[in-house]
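# Close look at the chain arrangement
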Amino acid sequence: MARKPETQIQNTPVDVISAVKFSPKINKFLLVSSWDTTVRLYDVASNTLRQKLVHSSPVLDCAFLNSTKTISGNLDNVVKLYDLNANVEITLGSHNAGVKCVEYSAKLNAILTGSWDRTVKLWDVREKECVGTYEQSNGKVYSMSSIDEKLVVATSERKVLIWDLRKMDNYIERRESSLKYQTRAVRCFPNKEGYVMSSIEGRVAVEYFDPNPEVQKKKFAFKCHRAKENDVELIYPVNAISFHSIYNTFATGGSDGYVNIWDGFNKKRLCQFHLYDSSISSLCFSDDGSTLAIACSYMDEAENPPQPSPQPTLYVRYVNEQETRPK
């Protein structure tokens, strides 16, 4: 029997889905955090909810350390480590404001957390303690992404800070965002050459790390997640970005309810999926690039909110080469 191209996941959160993350190397496990104070683990192959962890406040981000351990960051400033097999939760520590971003660095075997308190903290996984706190140039951390030794942090002041995780006494570079409006998401290219960032103003920028002027000439920004209605251009925030690990193509999700796949090197859109239930709040490709998790949540963007407010939905889409491979 042919596999359905897309499956709607059952038993989803009842408030905004803040993050979806696939387990490293095991494509069937999906971690989902939500403003309903839960972190949920799904087996997407069988469409079942495996575990539900209830926190004391909304969960703003989550990540896998490995297939059995997870990390999450809460609105009440707390960073939590969870052992799925042992069913044990550890409070790792806290920030002075909500923990907006969490990442695991396999290169360092360390956890990275970014907060609205304008800092990034580095946590030792073995010792389960904070080993460094780094000021982010007076900006709240809105999004961050790491690849090997590189860490890219996008802040509320439209600044982008590039760090070397091996030498965190100061950032390598501080850049002004090439997008004019507030940053929503930043993600590093799997090939380590640069990063992609998005804004609330329906734009995406492709940037490169190498400061060589010839390399910098390749950077560009483009408009997306826009529509025309009665000759009026409607502009939607681009809330989510996820890279295909093999092809270096990437998906964007917007408040227009669409997911697009882009080839950043050849500056073109490869495909657009159907219209989803509401805004795309988070996206994540599986490690092997065969599957894309798509979280839909109404994010209070409309002047006249729909009544009743749409319930969050979660989909897993099995993507093919035609949709993700550069042409």
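This text goes with the structure placed above it.
Report on the accompanying structure. Being a predicted model, the structure only gives us computed values, none of them experimental. (Residues numbered from 1 in each chain as written. Predicted model: local features only at pLDDT ≥ 70, side-chain atom pairs only at ≥ 80, totals over all residues. Heavy atoms only, no water.)

This model, assessed by the stated rule, comprises 21 salt bridges. A salt bridge links lysine 80 to glutamate 89; the shortest N-O distance between them is 3.2 Å. Two residues, arginine 325 and glutamate 321, come together in a salt bridge whose shortest N-O distance is 2.9 Å. On the accessibility criterion, glutamate 321 (40% relative accessible area) is partly exposed. (Salt bridge = Lys/Arg side-chain N within 4 Å of Asp/Glu carboxyl O. Buried < 20%, exposed > 50% of the residue type's maximum accessible area, 1.4 Å probe, protein only.)

Before going further, it helps to examine the layout of surface pockets. Taken as a whole, the second largest pocket spans an internal volume of roughly 220 Å³. Around the second largest pocket, the lining is made up of 13 residues, and of these Tyr236, Ser255, Asp256, Ser279 and Glu301 lie nearest the centre. Looking at the lining of the second largest pocket, its residues break down into 6 nonpolar, 4 polar and 3 charged. (1 Å grid on protein atoms, 1.4 Å probe; cavity = no way out; pocket = protein on both sides within 12 Å on 5 of 7 lines; lining within 4 Å. Points joined across faces, edges and corners; volume = space filled by probe spheres on them. Nonpolar A, V, L, I, M, F, W, Y, C, P; charged D, E, K, R; others polar.)

Time to look at the pairing of strand 2 (residues 17-22). Among the 6 residues that make up strand 2, 6 are buried, leaving the element largely enclosed by the rest of the structure. Sheet topology note: the strand 2/strand 3 (residues 29-34) ladder contains 5 bridges and is antiparallel. Residue pairing in the sheet places phenylalanine 22 in a bridge with leucine 30 of strand 3. Hairpin connection of strand 2 to strand 3: 6 residues between the antiparallel strands, including lysine 25 at a positive phi of 70°. (Helix = DSSP H or I, 4+ residues; strand = E, 2+ residues; numbered from the N terminus. Pairing = 2+ DSSP bridges.)

Before going further, it helps to spend a moment on the nonpolar core. If you look at soluble globular proteins, the nonpolar side chains tend to sit buried side by side. Core analysis: the biggest nonpolar cluster contains 16 residues, and Val259, Phe273, Tyr276, Leu283, Leu292 and Ile294 have the highest contact counts within it. Residue assignment for this core shows that the elements contributing at least two residues are strand 26 (259-263), strand 27 (268-272), strand 28 (280-285) and strand 29 (291-296). For phenylalanine 273, the contacting residues outside a window of four places in its chain are Tyr258, Val259, Ile261, Leu292, Ile294, Arg317, Val319 and Glu323. Among the nonpolar cores identified, the runner-up in size contains 15 residues, and Val206, Tyr208, Val238 and Phe250 belong to it. (Core = buried A, V, L, I, M, F, W, Y, C linked by side-chain atoms within 4.5 Å. Contact = heavy atoms within 4.5 Å.)

A few words now on the sheet that holds strand 4 (residues 38-43). Spatially, 2-3-4-5 is the arrangement adopted by the 4 strands of the open sheet, whose pairing is antiparallel. This sheet does not close on itself; its edge strands, each paired only once, are strand 2 and strand 5 (48-54). Adjacent strand axes in the sheet meet at a mean angle of 20°, parallel and antiparallel pairs treated alike. When strand 4 meets strand 5, the two strands line up antiparallel, connected through 6 bridges. Residue threonine 38 lies in a different strand from strand 5, and its bridge partner there is valine 54. (Axes fitted to C-alpha atoms, helices over the stretch in contact; angles between N-to-C directions.)

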